[in-house]
Amino acid sequence: MRELLTVPLGTGVRATEVYSGVARMAGVLWCTRVRATAGRRAATAVVVVHPSSNFLGHYALEAWAARGVDAVAMTTRYIGNDSALLLENCVLDVAAVLGHLRHEGYERVVLVGNSGGGGLVALYQEQALRPTITSAPGGAGPDLTQAVLPPADGLVMLMAHPGRANLLVEMLDPAVLDERDVHRRDPSLDLFAGDRVPPYDRAWLDRYRRAQRSRNDRITAFAREEIARLRAHTGGRVQDAPLVVHATCADPRNIDLTIDPSDREPGTLWGDPYVANLIPTTLGHLTTLQSWLSQWSIETSHGDGPARLGGVEVPVHVIYGTADQACFPEHAQQLYDAAPAGGRRLTAVAGGRHYLNGQQEQIDEMADVLVGWTEEVL
């Protein structure tokens, strides 16, 4: 049976951080908990998190609880809306939930970073051990060196990519010539040109990847310049403004299955790649200057999972699905290679899609290996 768990925000929420007035007044984070045994606390809590996705109905909670752990799906203050998200604030939200669970008496807490949660839990654990970050990259956000960050006992990267910026730089459409006009395009870099069919020439693909990085860096430079202008024009009273980024779903891997081969089908989590590239519901389209620097800029974001895992000392388990259309085998390998050599594991779930939707066999397999691993190493 699922129960609603409310966790007070340890640092409070400023009015500019979330859109909902009700959420601001409540001052809590919402979590769902499924207990292994009704009315009793298990020794281990498994906590699954994403920077913004609504995990209150997470598909794996019952499967984990059935194997003897209390399963908790947490949300951050940015539930359902990542447009103004700062990863550094998400770190504080994870700390609030872990601190609450420790206070309840759990002996062990395992953090599961699902999808975009991978980079977040790596960042959290690194800062919990050795805090160094004094603000978000744009100068806003919290000083993590002054925060109480209870460390987790183990990390699981579940169908996770290396980080939001790492993923977006591989998805940005490099054919865009004018950020104000998505239809002004460089035909030599147009993934969707009618005469361009897979498998793609590897020299062209290398040029494509470099152009993606260049576009990401150009947007980063613009964000920095605009923040400086805002501060100058407002006397420092305003430090952020909206930012629209067009064409953010153009990873060649979604069309050419010979790139990072796996069991996946062509297409994206949002359907046809051409359509997904332009619709507003794919990643990074609607953001802010500060949020871009915190979560989407490959140059400035603190959420680079592999880089952060280098400072983690607890066991790390990377679990990926071989049919995932968003988090690829290369991503899993990057995370595994970066984890501490003495306590890492890499597990492939054959045929597993990104959220294992409708895949009960794969859910059971994933739950077996995840909970079995916690019992073995913690």
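About the thresholds
- The residue count restarts for each chain, going from 1 along the sequence in the order it is written.
- pLDDT decides what is reported in this predicted model: residues at 70 or higher carry local features, side-chain atom pairs at 80 or more are listed and counted, and totals for whole chains, interfaces and linings draw on all residues regardless.
- Side-chain metrics in this entry use all non-hydrogen atoms of the structure; hydrogen atoms and water are not considered.
- Helix and strand definitions here come from DSSP, where helices need a minimum of 4 consecutive H or I residues and strands a minimum of 2 consecutive E residues; each element is numbered from the N-terminal end.
- What the globule rule says is 2.2 Å times the number of residues to the power 0.38, and the radius of gyration is computed from C-alpha atoms.
- Only protein chains enter the accessibility calculation, which uses a 1.4 Å probe. A residue is then buried if its area is under 20% of the maximum for its type, exposed if over 50%, and partly exposed in between.
- In this description, contact between two residues means that some pair of their heavy atoms is separated by no more than 4.5 Å.
- Only buried residues count toward a nonpolar core, which is a set of Ala, Val, Leu, Ile, Met, Phe, Trp, Tyr and Cys residues joined through side-chain atoms within 4.5 Å.
- Two strands qualify as a pair provided that DSSP identifies no fewer than 2 bridges between them.
- Under this scheme, a helix contributes an axis fitted over its contacting stretch, all axes are lines through C-alpha atoms, and angles between N-to-C directions fall in the 0 to 180 degree range.
- Between the first and last residue of a helix there are one fewer steps than residues, each counted as 1.5 Å, and that sum is the expected span.
- What counts as a ring pair is set by centres within 6.5 Å for rings of Phe, Tyr and Trp (its six-membered ring), and what kind of pair is set by the plane angle: stacked under 30 degrees, edge-to-face over 60, tilted for all other angles.
- We call a charge positioned above a ring when the Lys NZ or Arg CZ atom is no farther than 6 Å from the ring centre and deviates by at most 35 degrees from the ring normal.

As named in an unreviewed UniProt entry, the chain is Alpha/beta fold hydrolase, taken from Nocardioides humi.

## Comments concerning the overall build of the chain
From N to C terminus, the chain includes 11 helices and 12 strands. In terms of overall dimensions, the chain is globule-like: its C-alpha atoms have a radius of gyration of 20 Å, near the 21 Å expected for 378 residues. For the chain, the C-alpha atoms occupy an extent of roughly 60 × 55 × 35 Å along the three principal directions. Every one of the 378 residues in the chain was classed for burial, and the buried ones make up 56%. Excluding contacts between residues fewer than 6 apart, the proportion of contacts in the chain whose partners are at least 24 apart in sequence is 77%.

## With respect to the nonpolar core
Core analysis: the largest hydrophobic core is formed by 51 residues, its most contacted members being L111, Y124, L155, M157 and L309. Tallying contributions element by element places helix 3 (residues 87-104) first for this core, with 10 residues. Those residues in contact with M157 that sit more than four places away from it in its chain are G113, G118, V121, A122, L309, V316, H317, V318, I319 and L335. In this structure, V48, A71, A73 and W373 belong to the second largest nonpolar core, which totals 26 residues.

## Some thoughts on the sheet that holds strand 3 (residues 44-49)
If you walk across this open sheet you meet the 8 strands as 1-2-4-3-5-6-11-12, and the pairing is mixed. The sheet terminates laterally at strand 1 (2-8) and strand 12 (344-349), the two strands that pair on one side only. Within this sheet the neighbouring strands show an average axis-to-axis angle of 20°, counted without direction. Pairing of strand 3 with strand 4 (residues 70-74), which is carried by 4 bridges, proceeds in the parallel orientation. Within the sheet, the bridge partner assigned to A45 lies in strand 4 and is D70. The sheet contacts of helix 4 (residues 117-129) involve strand 3, strand 5 (108-114) and strand 6 (154-158), and relative to strand 5 the element is tilted by about 140°.

## Observations concerning unusual backbone geometry
Of the consecutive residues P198 and P199, the connecting peptide bond is found in the cis state with omega at 0°. If you trace the backbone, P199 turns up in the loop between strand 8 (181-185) and helix 6 (202-234). With a phi close to 55°, A247 is a non-glycine residue in the positive phi region. Looking at the secondary structure, you find A247 in the loop between strand 9 (242-244) and helix 7 (273-276). We classify A247 as buried; its relative accessible area is 0%. For L356, which is not glycine, the phi torsion reads 50° and is therefore positive.

## Details of helix 3
Over its 18 residues, helix 3 runs 26 Å from end to end, which matches the ideal 26 Å to within 8%, given 1.5 Å per residue. Positive phi appears at G105, one or two residues downstream of helix 3, with a value of about 115°.

## Looking at the environment of Q325
Along the chain, Q325 turns up in the loop between strand 11 (316-321) and helix 10 (329-338). Relative accessible area serves as the criterion here: at 18%, Q325 is assigned to the buried category. Taking the C-alpha atoms as reference, Q325 lies 13 Å from A276; in sequence the two are 49 residues apart. Setting aside anything within four residues of it in sequence, one finds Q325 in contact with N254, R264, E265, P266, G267, T268 and L269.

## Overview of the pairing of strand 3
Within strand 3, 6 of the 6 residues are buried, which leaves the element mostly enclosed by the surrounding structure. Residues T44, V46 and V48 of strand 3 are buried on one face, and the alternating residues A45, V47 and V49, pointing to the opposite face, are buried as well. Of the pairings in the sheet, the one linking strand 3 to strand 5 comprises 6 bridges and is parallel in character. Looking across to strand 5, one finds that T44 is bridged to R108.

## Points about helix 5 (residues 164-171)
Most of helix 5 is tucked away: 8 of the 8 residues are buried. Those residues of helix 5 that are buried are in contact with helix 6, helix 8 (289-296) and helix 10.

## Some thoughts on the packing of aromatic side chains
Scanning all chains against the criterion turns up 3 aromatic pairs. Ring geometry for F192 and Y274: centres 5.7 Å apart, planes at 85°, overall edge-to-face. Taken as a pair, F192 in the loop between strand 8 and helix 6 and Y274 in helix 7 lie far apart in primary sequence, 82 residues in all. Ring geometry for W204 against Y208: centres 5.0 Å apart, planes inclined by 45°, an arrangement best described as tilted. In this pair, W204 and Y208 both sit in helix 6, 4 residues apart, roughly one turn of the helix. Members of the aromatic cluster, each reached through a chain of ring pairs, are Y200, W204 and Y208. A cation over an aromatic ring shows up here: R344 above the ring of Y336, its NZ or CZ 4.5 Å from the ring centre.

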